[in-house]
Structures are given as structure tokens and as C-alpha cells.
Amino acid sequence: MKPISQHIHGKLFTGDGRAALLLLKHQPQTKNEHSLYLRFAFVLQGSKTLLFPAFVLDDWGSEIRSQAIYQWVRDFGDQFPRAEIFGFDADGRQVQRFMRELELTSRLVVMAFRQKSGEMRAGISVEAILLPDAQTQEPVQIKRPSHWKRPLSAANVSWWHVNPDLTGWHFSAP
């Protein structure tokens with residue numbers, strides 16, 4: 001069992017325990033020196049406990065795998081409270097939970113990994129996604145892109161347009 005991840009090209013800017021991701025390509029076809037892997041976690045109700053999914057087993061025994069899980073949970077999570085979701089907690093331990101335990105209205109927590117098979121503890125929590133825009137001289141906060149699919153469109157991050165030549169990020173930005 002492996003957690004679901006999304007291959008992207010980007011650059012991570014970290015400081016003071018926080019991280020921003022300059023997203024160069026959100027659906028690259030090849031791996032290169034800018035390859036990163038994003039994992040998206042559901043939050044358990046009444047807590048800050050994270051669940052990084054691997055697959056869902058619905059009430060009839062059908063498996064839902066891949067990034068399709070995130071759309072399936074959005075569309076059918078309320079209808080299948082007994083569906084089981086298998087995955088990992090933030091420490092990398094395998095977990096199994098019922099769909100009714102998830103906070104279905106929460107945005108997804110995003111962790112970035114330098115390797116696809118990276119241990120959960122190696123993940124870097126992403127708080128901001130920076131989109132390159134050559135017309136932008138100063139960072140400008142924007143609404144999340146509505147045309148992107150889940151899970152990226154449901155990430156619990158702030159979204160920014162930044163100059164593509166950006167060399168660092170400071171969270172003191174407006």
C-alpha cells in the first residue's frame with residue numbers, strides 16, 4: 001500500500017518552519033530536477049489528525065484508487081459513511097478509517113516530498129502555492145484556480161501570482 005501522490009515540477013521556499021511552493025508545472029510528463037511529489041491529506045473530525053489516502057473500499061467492496069479518490073469523497077462521502085478509507089497518518093503508520101470520520105468540508109492539507117517514495121516524516125507542509133506570472137512584479141494574492149481538478153484545487157493553501165524569477169518567499173508578504 002502506498003499513499004497517493006501527484007507529480008509536479010516546482011521549487012520549495014522554506015523558512016521559519018513554513019513553506020511555499022513555486023508551481024512550475026502541475027501536470028508534467030517527465031521527471032527532472034524540479035520534480036516534487038505532493039500528497040494531500042483529509043482531516044479527521046474534531047481533531048487535526050491527518051489521513052493520507054491510498055484507497056477507498058465502498059459499501060459494495062469496490063475499490064477507488066488514484067487521485068480519483070478526492071473527487072469520489074467529495075461526490076459520495078456523505079452517501080457512504082461506512083466506506084473504509086485506507087492510508088497513512090502523518091507518522092507513516094498504516095491506518096484504516098470509516099468515511100464518516102472524515103471532515104468532508106475541510107480543505108486538504110498538502111505535503112511536498114522530494115522523492116515519490118519518501119517517508120511521511122520527510123514531507124514539508126505547504127502553506128502557499130505560487131503561480132509564475134511574468135507580468136507580476138510584486139506578489140499578488142489570488143483566488144484558487146477554479147479550472148484545476150482535485151486534489152490540488154481543494155488544497156488548504158493561499159494562492160499567489162509571483163514573478164517567475166522569484167528567488168525566495170517571505171510569509172510577511174500581504
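Structure's up top.
Note that the structure is predicted; figures quoted are calculated from it, not measured.

Chemist: Whenever I open this one, the overall build of the protein chain confuses me. Can you help?
Modeler: Secondary structure assignment for the protein chain yields 1 helix and 12 strands. If you list the helices and strands of the protein chain from N to C, you get β-β-β-β-β-α-β-β-β-β-β-β-β. For 174 residues, the compact-globule estimate of 2.2 N^0.38 gives 16 Å, and the protein chain sits close to it at 16 Å. Each principal axis of the C-alpha distribution contributes one length, and for the protein chain these read about 55 × 30 × 30 Å. Relative to its 174 residues, the protein chain shows a buried fraction of 45%. Of all intrachain contacts in the protein chain linking residues separated by at least 6 positions in sequence, the fraction that spans at least 24 positions is 63%. For the protein chain, the accessible surface area stands at approximately 9,900 Å², while carbon and sulfur atoms represent 46% of it. Here the protein chain contributes 21 positively and 17 negatively charged side chains, and the mean placements of these two sets differ by 2 Å.

Chemist: I tried to follow the environment of Val 73 on my own but got confused; where do I start?
Modeler: Topologically, Val 73 is positioned in helix α1 (residues 68-76). It is 23 Å that separates the C-alpha atoms of Val 73 and Lys 116, two residues lying 43 residues apart in sequence.

Chemist: Hey, could you run me through the pairing of strand β10 (residues 128-132) in this one?
Modeler: For a regular strand, side-chain orientation follows a simple rule: the groups alternate between the two sheet faces. Taken across its 5 residues, β10 has 4 buried, putting it largely inside the fold. Pairing geometry for strand β2 (residues 18-25) and β10, over 3 bridges, is parallel. Bridge pairing in β10 places Ala 20 opposite Ala 128. With 5 bridges joining them, β10 and strand β12 (residues 158-162) adopt parallel strand pairing. Across the sheet, the residue bridging to Ile 129 is Trp 159, located in β12.

Chemist: What's the story with the pattern of salt bridges in this structure? I'm lost.
Modeler: Opposite charge on two side chains makes pairing possible when the charged atoms of those side chains draw close. Inspection of every chain in the model, using the stated rule, returns 6 salt bridges. The partner of Glu 127 in a salt bridge is Arg 18, with the nearest N and O atoms 2.8 Å apart. In this pair, Glu 127 is assigned in the loop between β9 (124-125) and β10 and Arg 18 in strand β2, connecting sequence segments 109 residues apart. Here Arg 18 falls in the partly exposed class, since its relative accessible area comes to 35%. For Asp 91, the salt bridge goes to Arg 93, with nearest N and O atoms at 3.4 Å. We classify Asp 91 as partly exposed; its relative accessible area is 38%.

Chemist: Got a minute to help me understand α1 in this structure?
Modeler: The periodicity of an α-helix, 3.6 residues per turn, causes residues three or four positions apart to be oriented the same way. Those residues of α1 not exposed but buried are Ile 69, Tyr 70, Trp 72 and Val 73. What you see down the axis of α1 is that its buried residues fit within an arc of 165°, all on one side. Summarising the contacts, the buried residues of α1 are in contact with β3 (35-43), β4 (50-57) and β5 (63-65).

Chemist: Could you clarify how one ought to interpret the pairing of β3 in this entry?
Modeler: Taken across its 9 residues, β3 has 9 buried, putting it largely inside the fold. Of the two faces of β3, the one carrying Ser 35, Tyr 37, Arg 39, Ala 41 and Val 43 and the one carrying Leu 36, Leu 38, Phe 40 and Phe 42 are both buried. In the sheet, strand β1 (residues 6-15) pairs with β3 via 4 bridges, with the strands oriented antiparallel. Paired with His 9 across the strands is Ser 35, a residue of β3. As paired elements, β3 and strand β8 (residues 109-113) share 5 bridges and run antiparallel to each other. Within the sheet, the bridge partner assigned to Ala 41 lies in β8 and is Val 109. For β3 and β4, the ladder comprises 2 bridges, and the chain directions are antiparallel.

Definitions and limits used
Residues numbered from 1 in each chain as written. Predicted model: local features only at pLDDT ≥ 70, side-chain atom pairs only at ≥ 80, totals over all residues. Heavy atoms only, no water. Helix = DSSP H or I, 4+ residues; strand = E, 2+ residues; numbered from the N terminus. Rg over C-alpha atoms; globule rule 2.2 N^0.38 Å. Buried < 20%, exposed > 50% of the residue type's maximum accessible area, 1.4 Å probe, protein only. Contact = heavy atoms within 4.5 Å. Areas by Shrake-Rupley, 256 points an atom, 1.4 Å probe, with all protein chains shown as cover. Lys, Arg positive; Asp, Glu negative; His and termini not counted. Charge placed at Lys NZ, Arg CZ, Asp CG, Glu CD. Pairing = 2+ DSSP bridges. Salt bridge = Lys/Arg side-chain N within 4 Å of Asp/Glu carboxyl O. Arc of directions from axis to C-beta.

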